[in-house]
Every structure is written in C-alpha cells, then in structure tokens.
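Chain by chain, the residues:
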Amino acid sequence: MAEASRLAQQSAFNAALTMIIQARVVEQRVETELKTLGLSLRRLGLLGHLGAAPGISFSELARRAGIKVQSLHPIVDALLEQGLVTTVGGVGQGRAAVIQLTTQGAEAAARAKHLLMTIDGELFADGVWKELGDALREVAQARGRELRPGHQSHE
C-alpha cells in the first residue's frame, strides 16, 4: 500500500504547476517587501524599463510592460505623484510625452534591486533551493541571449 501511495504522489508531480505555486509564494514575499519602499512589482518593472531606455514614450513603455496605454496612465500618474518619474513633451497635437526616471526614481530602483538581492540570498542560499536559484539564473541568461538582436536559433 505504501508503494502505491508513493507512486501516486510521484505521478501527481508536475514541474510547471510546482513552479507556479512556488512562484506565487515568492511573488507575495517580494510584493510585501516592495511595499515598504512604496513600490510594487509592476511599478518596479516600469522603473527598470525607464532606466534601460531613458525618454521612452508611453506607447513603447506600455508595449514593453505588456499592458495597454490606457492601463499605463494611472500607474505613471502614481509614479509622478511619488516623484519617481517625470514627463517631457506632449504639448501640441501629434507630440507624444516621454517618461524619464528622476534621481529619486533611480534611487528607489537601486533600493529595490538591493532588496531583491537580499531576498534571493535568503531564499536560494542552501540545498535544493540553491540548485533552483542556479538553474533559474541559467534560464534567465539563456533567455537574455535569445532576446538579443541578431540571435539565431540553432533548432
């Protein structure tokens, strides 16, 4: 009977589902910690895009974030209120505003990056979690290579 139970548990394992469940646990931890900085994952992602592409337009930022421009405006408004971003231009017909990080925004992004490194260090320090962290780093690096312009797939 014990063998049947063990086999049932093994066959019930699904890597994708396990990853999703564990990701939600980690996501909640990160969101909770980011709140202490007045940020969320969505806001941090936008700050990251703005740091990588200063002066990006609303439409391009929305595209990179995977949201509609209409959904982006309230988030940017909140970032403006926090003093983390500023907008330039947008006056006159056909002129689109661009969004830029402020010094305060760059500092908030740096604090968040440090916070994330601390969480990584705590979560992925030992045992199978360290192995998982190493594997995830490899996946991220491979994905980054795939996304680089001029990358050729060898499949």
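For the structure, check the block above.
Cut-offs and rules
Residues numbered from 1 in each chain as written. Predicted model: local features only at pLDDT ≥ 70, side-chain atom pairs only at ≥ 80, totals over all residues. Heavy atoms only, no water. Pairing = 2+ DSSP bridges. Helix = DSSP H or I, 4+ residues; strand = E, 2+ residues; numbered from the N terminus. Polar contact = N/O pair within 3.5 Å; in protein donor to acceptor, adjacent residues only side chain to side chain. Contact = heavy atoms within 4.5 Å. Salt bridge = Lys/Arg side-chain N within 4 Å of Asp/Glu carboxyl O. Buried < 20%, exposed > 50% of the residue type's maximum accessible area, 1.4 Å probe, protein only. Patch = residues over 30% accessible without salt bridge, like charges linked within 9 Å, V, L, I, M, F, W, Y side chains within 5 Å. Areas by Shrake-Rupley, 256 points an atom, 1.4 Å probe, with all protein chains shown as cover.

Draft legend 1. View of the pairing of strand β3 (residues 97–101). Note that strand β1 (residues 56–57) and β3 share two bridges and pair antiparallel. Pairing of Ser57 across the sheet is with Val98, part of β3. In the sheet, strand β2 (residues 85–89) pairs with β3 via five bridges, with the strands oriented antiparallel. Each residue of the ladder has a partner; that of Gly89, found in β3, is Ala97.

Draft legend 2. Representation of the side chain of Glu31. Position of Glu31 relative to the elements: it lies in helix α2 (residues 15–35). Separated by 3.3 Å, the side chain of Glu31 and the backbone nitrogen of Leu41 make a polar contact. Not counting residues up to four positions away in its chain, the partners in contact with Glu31 are Ser40 and Leu41.

Draft legend 3. Quick look at the pattern of salt bridges. For the coordinates displayed, the defined rule picks out six salt bridges. Arg64 is paired through a salt bridge with Glu60; the nearest N and O atoms lie 2.8 Å apart. Remark: Glu60 and Arg64 occur in helix α4 (residues 58–65); sequence separation between them is four residues, near one turn of the helix. Assessed through its relative accessible area of 38%, Arg64 is described here as partly exposed. Across the pair Asp134 and Arg137 runs a salt bridge whose closest N-O atoms are separated by 3.0 Å.

Draft legend 4. How the structure looks around a nonpolar patch on the surface. A contiguous nonpolar patch, built from Met19, Val128, Trp129, Leu132 and Leu136 and spanning about 440 Å² of accessible area, is present on the exposed surface. Tallying contributions element by element places helix α7 (residues 127–147) first for the nonpolar patch, with four residues. Classification of Leu136 by relative accessible area gives partly exposed; the value is 36%.

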